[in-house]
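Observations on chain architecture
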Amino acid sequence: MTDTTQGSAQGYLADPRNEQVLVYLNGDFVPRDQARVSVFDAGFGLGDGVWEGLRLHRGRLISLQAHLDRLYEGARSIAIDIGMSRAQLTDALMQTLAKNGMNDGAHLRLMITRGVKRTVNQDPRFVIGPPTVVIVAEYKTPRPESKARGMTLFTSTFRTSGPDVFDLRLNSHSRINLIGLQSGDVLGGITVADAGREAGSTAVVHQAIQKGTLAAHKVGRLLVIPHEAWAAWKARHAAPPEGWVRLSTLRQPLGIRSDKLSEFARMGYVPGAVRCNPFGVPGPSTQFGTWYIDPKTAGRLLADRRAGRPMPWHGKPLLDNLRVTYKLWAQRRHPATCATCAAIWGEAGPPADFEDYVARYPALAHGAKRHLTLPWSPGLTVADPPSSRGGPPKPPAISRAQHELSARKG
Ligand SMILES: [Zn+2]
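Residues numbered from 1 in each chain as written. Predicted model: local features only at pLDDT ≥ 70, side-chain atom pairs only at ≥ 80, totals over all residues.

The next subject is the overall build of the protein. Looking only at helices and strands, the protein has 17 helices and twelve strands in total. If you take every contact in the protein between residues at least 6 apart in sequence, the share linking residues at least 24 apart comes to 67%. (Helix = DSSP H or I, 4+ residues; strand = E, 2+ residues; numbered from the N terminus. Contact = placed C-beta atoms within 7 Å.)

What follows covers the pairing of strand E5 (residues 106-113). Of all eight residues that make up E5, six are buried, and the element is covered over most of its length. Here strand E3 (residues 49-57) pairs with E5 via eight bridges, running antiparallel. The partner of glycine 53 across the bridge, within E5, is arginine 109. Pairing geometry for E5 and strand E6 (residues 132-139), over eight bridges, is antiparallel. Note that in E6 the partner of threonine 113 across the bridge is threonine 132. (Buried ≥ 20, exposed ≤ 12 C-beta atoms within 10 Å, placed from the backbone. Pairing = 2+ DSSP bridges.)

A separate point is the sheet that holds strand E1 (residues 22-25). Strand order in the open sheet formed by six strands is E2-E1-E6-E5-E3-E4, with antiparallel pairing between adjacent strands. On the outer flanks of this sheet lie strand E2 (28-31) and strand E4 (60-61), each paired with one strand and no other. Each of E3, E4 and E5 touches helix H3 (residues 64-77); the most contacted strand, E3, lies at about 175° to it. On top of the sheet, helix H4 (residues 86-99) reaches E1, E2, E3, E4, E5 and E6; it is set at about 40° to E6, its chief contact. (Axes fitted to C-alpha atoms, helices over the stretch in contact; angles between N-to-C directions.)

Turning next to the pairing of strand E9 (residues 222-225). Pairing of strand E7 (residues 190-191) with E9 involves two bridges; the strand directions are antiparallel. Counterpart to threonine 191 in the pairing with E9 is valine 224. Sheet topology note: the strand E8 (residues 217-219)/E9 ladder contains three bridges and is antiparallel. Along E9, the bridge assignment pairs histidine 217 with valine 224.

Reading across from one edge, E10-E12-E11 is the order of the three strands in this open sheet, with antiparallel pairing throughout. Two strands bound the open sheet, and with one partner strand each, they are strand E10 (245-246) and strand E11 (274-275). Pairing geometry for E11 and strand E12 (residues 291-293), over two bridges, is antiparallel. Looking at the pairing, valine 274 lines up with tyrosine 292 of E12.

Looking now at helix H8 (residues 202-211). Every buried residue belonging to H8 is among Val204, Val205 and Ala208, and all of these are buried. Viewed along the axis of H8, the buried residues span an arc of 100°, placing them on a single side of the element. What points out from H8, more than 90 degrees from its buried face, is the exposed set Ala203 and Gln210. Backbone geometry just after H8 places glycine 212 at a positive phi near 85°. (Arc of directions from axis to C-beta.)

We now examine the nonpolar core. In globular proteins that are soluble, nonpolar side chains generally tend to be buried together. Counting 24 residues, the largest nonpolar core has Leu108, Leu110, Ile112, Val134 and Ile135 as the members making the most contacts within it. For this core, the elements supplying multiple residues, two or more each, are E1, E3, H3, H4, E5 and E6. Contacts of isoleucine 135, omitting those with residues within four sequence positions, involve Tyr24, Ala92, Leu93, Thr96, Leu108 and Leu110. By size, the runner-up hydrophobic cluster in this structure holds 17 residues, among which are Tyr269, Phe288, Trp291 and Trp313. (Core = buried A, V, L, I, M, F, W, Y, C linked by C-beta atoms within 7 Å.)

Time to look at the environment of proline 351. Assignment of secondary structure puts proline 351 in the loop between helix H14 (339-345) and helix H15 (354-360). Not counting chain neighbours up to four residues away, the residues in contact with proline 351 comprise Asp356, Tyr357 and Arg360.

Looking now at the packing of helix H7 (residues 192-199) against H8. In contact at an axis separation of 7 Å, H7 and H8 are set at 120° when each is read in the N-to-C sense. As the angle between them shows, H7 and H8 are arranged oblique. For the pair H7 and H8, the sense of crossing is right-handed. Along the contact surface, H7 presents Val192, Ala193, Ala195, Gly196 and Ala199, while H8 presents Thr202, Val204, Val205 and His206. Class assignment for the residues of the contact of H7 with H8 results in six nonpolar, three polar and no charged. (Parallel < 35°, antiparallel > 145°, perpendicular 65-115°, else oblique. Left-handed = near helix turned anticlockwise from the far one by under 90°. Nonpolar A, V, L, I, M, F, W, Y, C, P; charged D, E, K, R; others polar.)

Time to look at unusual backbone geometry. The residue arginine 58 is not glycine, and still its phi comes out positive at about 45°. Checked against the element boundaries, arginine 58 lands in the loop between E3 and E4. Even without glycine at this site, serine 63 takes up a positive phi of about 50°.

As a further point, take the confidence of the model for the protein. Per-residue confidence for the protein gives a mean pLDDT of 82; residues scoring 70 or more make up 82%. Confidence drops under a pLDDT of 50 for residues 383-410, and excluding neighbours within four residues, the segment shows 51 contacts in the predicted structure. (pLDDT = per-residue confidence, 0-100.)

Our focus in this paragraph is the environment of valine 30. If you trace the backbone, valine 30 turns up in strand E2. Judged by local crowding, valine 30 falls into the partly exposed class, with 13 C-beta atoms found within 10 Å. Residues valine 30 and glutamine 20 lie ten residues apart in sequence; the distance between their C-alpha atoms is 10.0 Å. Sequence-distant contacts of valine 30, that is, excluding residues within four places in its chain, are made with Leu22, Val23, Leu25 and Ala35.

So this is what it looks like as structure tokens:
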């Protein structure tokens, strides 16, 4: 016996008498090393069968009737005709015990498979004989250490399939569902579904796995995240600064749709807003992400709104408008020799793509924006001097928005 089986809840004390037991095999009694079934047996090829485990305690098979109820019900549910009555089957069990001289401390495994098939396939109609009926009886005394120490129980984080998919009340020979679950617990980790429930979004977890920022391995049909990897991911997951409020909570008082607010934030029109997806918060409520804002700024926005003052995003281009200007800019793009363009975009150079453009264009001065969409001609030099704010975007602030407003007026 290995160390593994010592730790198993199904571990038992080695007993030399088990080497000599006779196995019931389709009505015959054979030594254990001769107890063989065909490779064409439906049980071998497909796990197509049902079984019961029975314990012999002081001459009695515990809950025999309940076990037989389940066996016949399971066999009926997959259309296996056991071909033996309850009395005949009970008799076979008793004969097995008698042949082996057992009256206490034994465990029996009664197995019924659909039987030998013409070929190994899934269609039950290819069976060519009666069901295979096997009874293995062995001495299985629980390990005294286990009895003394007891067993540590825990609730598995893995879930087997629901009864509509694979009903585990059917005591079938195929235990893949449960074996996967046990090996998953042995390897340790939590499922993506459970991680998603914890994080508030399964999509966020899947994204992290796809990006390679979160480790996961396949266990059976499940993707499992090792506990340490999950803890580390949670720890480094972006959280908003202490006390900041979710931008979407300003939706009602500002009288604006939350996805519009997020869009303004992404355009850099909401002063100081930061994008985060803190752990435990449902994933981005809109395509523009989940944004957080300093409570002071939030208070100022609300006060401005009540006083009827313009909001910082007032009159600013939105994504659709930006698509138009982006297209125009790309079409009319000035050659690299244009010094004005070079000054507008600064060291970072022109935007690499639309995303980059969206992040930088709205913050440009009006004159700079105008220059970028003017048709190119060699004479066009500094048609409209760009402001000094033409470089990569800095975090937006109220003062900057106001500055831009005054620059526009001037
Ligand atoms: Zn230019």
